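# Summary of structural features
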Amino acid sequence: MLDHIVALVFAIGFPAITGPAYLRRRAQMLAGNPSVRRSEYLETIAWLSAMGVAAVLAFVVGDRALSGLGLSFDFTFRHLSALLIAAIAGGFLFAQAIAVARDPGMQKAARESLESVREYLPRDAQDARLFRGVAISAGIGEELFYRGFLLWYLSQAVSLPVAVAISSVLFALAHWMHGYQAVIRAGLIGLLLAGLYLLGGALWAPMLLHTMADLSSGAMGQAAFANASDNRKRTAPIDQDRG
């Protein structure tokens, strides 16, 4: 029964509850209200942390080995290979974030690619600190639930490839409030992370890559949109004088 409750609450309840709440706050976040954005960060951290804790708790209460959840502590060659792949991919993303911070041309491209989630991205140092909490809780909590618990749960009824597909679709739909582009991107990322999990046989590599991807997205968003805001502030008095 606990397994069913955890699956329903977080696979269905999480996007059904948080999505409409996010849309109600979106206009205020777009208007640049930092307190609303930071409240959204804190709420997201709470949900994602609960998601991870619930996944682990379901296995502990069910007296199942945590290795079945993807928390294997015997680091084999395949585990280490997957970790290496995740570290290389994450390093590339961080290098891209550094390049965006230094290059105004890349900042413009980043603004275009991140437009659908611009209201959610950090604008200043305080935002960035909270967003790092979101990234870490997503990297751990979402992987424990979507790639760990949900893949195991669905595999009790369907084949593993079908379970991967369903869990990736549910992961994608959890991002519906950001628009169809975010849904498609999340679905593809979900498939990639599931593949990395199956390759390594443990969740450590998906957790690492997921966390690094979200951290780098936050850094790119802060560089792109904060600088754009600063530029508008600097040019506004000049435009007024010309008028």
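Structure first, text after, so check above.
Reading the values: rules and limits
Residues numbered from 1 in each chain as written. Predicted model: local features only at pLDDT ≥ 70, side-chain atom pairs only at ≥ 80, totals over all residues. Heavy atoms only, no water. Axes fitted to C-alpha atoms, helices over the stretch in contact; angles between N-to-C directions. Helix = DSSP H or I, 4+ residues; strand = E, 2+ residues; numbered from the N terminus. Left-handed = near helix turned anticlockwise from the far one by under 90°. Contact = heavy atoms within 4.5 Å. Nonpolar A, V, L, I, M, F, W, Y, C, P; charged D, E, K, R; others polar. Phe/Tyr/Trp six-rings, centres within 6.5 Å; stacked < 30°, edge-to-face > 60°. Buried < 20%, exposed > 50% of the residue type's maximum accessible area, 1.4 Å probe, protein only. Salt bridge = Lys/Arg side-chain N within 4 Å of Asp/Glu carboxyl O.

In contact at an axis separation of 11 Å, helix α5 (residues 125–155) and helix α7 (residues 180–200) are set at 65 degrees when each is read in the N-to-C sense. Handedness of the crossing formed by α5 with α7: right-handed. Across the interface between the two elements, Glu-143, Arg-147 and Leu-151 of α5 pack against Gly-190, Leu-193, Ala-194 and Tyr-197 of α7. Residues of the contact of α5 with α7, tallied by class, amount to 4 nonpolar, 1 polar and 2 charged.

Now for the packing of aromatic side chains. Under the counting rule described, the total for this entry stands at 15 aromatic pairs. Considering the side-chain rings of Phe-10 and Trp-47, the 6.1 Å spacing of their centres and the 85 degrees angle between planes classify their relative orientation as edge-to-face. Placement of Phe-10 in helix α1 (residues 2–30) and of Trp-47 in helix α2 (residues 34–61) is noted, with a sequence separation of 37 residues between them. Here the two residues Phe-10 and Trp-47 agree in accessibility, since each one is buried. Arranged with centres 5.1 Å apart and planes meeting at 85 degrees, the rings of Tyr-41 and Tyr-120 form a pair that is edge-to-face. Taken together, the residues span a long stretch of sequence, with Tyr-41 in helix α2 and Tyr-120 in the loop between α4 (104–113) and α5 at a distance of 79 residues. Comparing Tyr-41 with Tyr-120, the two get one shared label, buried. An aromatic cluster is defined as three or more aromatic residues linked by ring pairs; in this entry it consists of Phe-10, Phe-14, Trp-47, Phe-59, Phe-145, Tyr-146, Phe-149, Trp-152, Tyr-153 and Phe-171.

In this section: the side chain of Thr-211. Here Thr-211 is to be found in helix α8 (residues 204–242). In this structure, Thr-211 is in contact with Ala-135, Ile-136, Gly-139 and Ile-140, ignoring residues within four places of it in sequence.

Mapped onto the elements, Leu-114 comes out in the loop between α4 and α5. Between the alpha carbons of Leu-114 and Ser-72 there is a distance of 35 Å; along the sequence they are 42 residues apart. Look past the residues within four positions of Leu-114 in its chain and what remains in contact with it is Leu-121, Ser-217, Met-220, Gly-221 and Phe-225.

A separate point is the environment of Ala-125. Tracing the sequence through the fold places Ala-125 in helix α5. The exposure class of Ala-125 is partly exposed, given its relative accessible area of 46%. Residues Ala-125 and Gln-222, spaced 97 residues apart in sequence, show a C-alpha to C-alpha distance of 8.9 Å.

Below, the discussion takes up the pattern of salt bridges. Using the criterion set out here, one finds 10 salt bridges in the structure. Residue Arg-25 is joined to Glu-40 by a salt bridge in which the shortest nitrogen-to-oxygen separation is 2.5 Å. Remark: Glu-40 occurs in helix α2 and Arg-25 occurs in helix α1; sequence separation between them is 15 residues. According to the relative accessible area criterion, Arg-25 is partly exposed, its value standing at 22%. Connected through salt bridges with shared partners, the residues Arg-37, Arg-38, Asp-124 and Asp-127 form a single ionic network.

Function-wise, these values are silent; they only describe arrangement.
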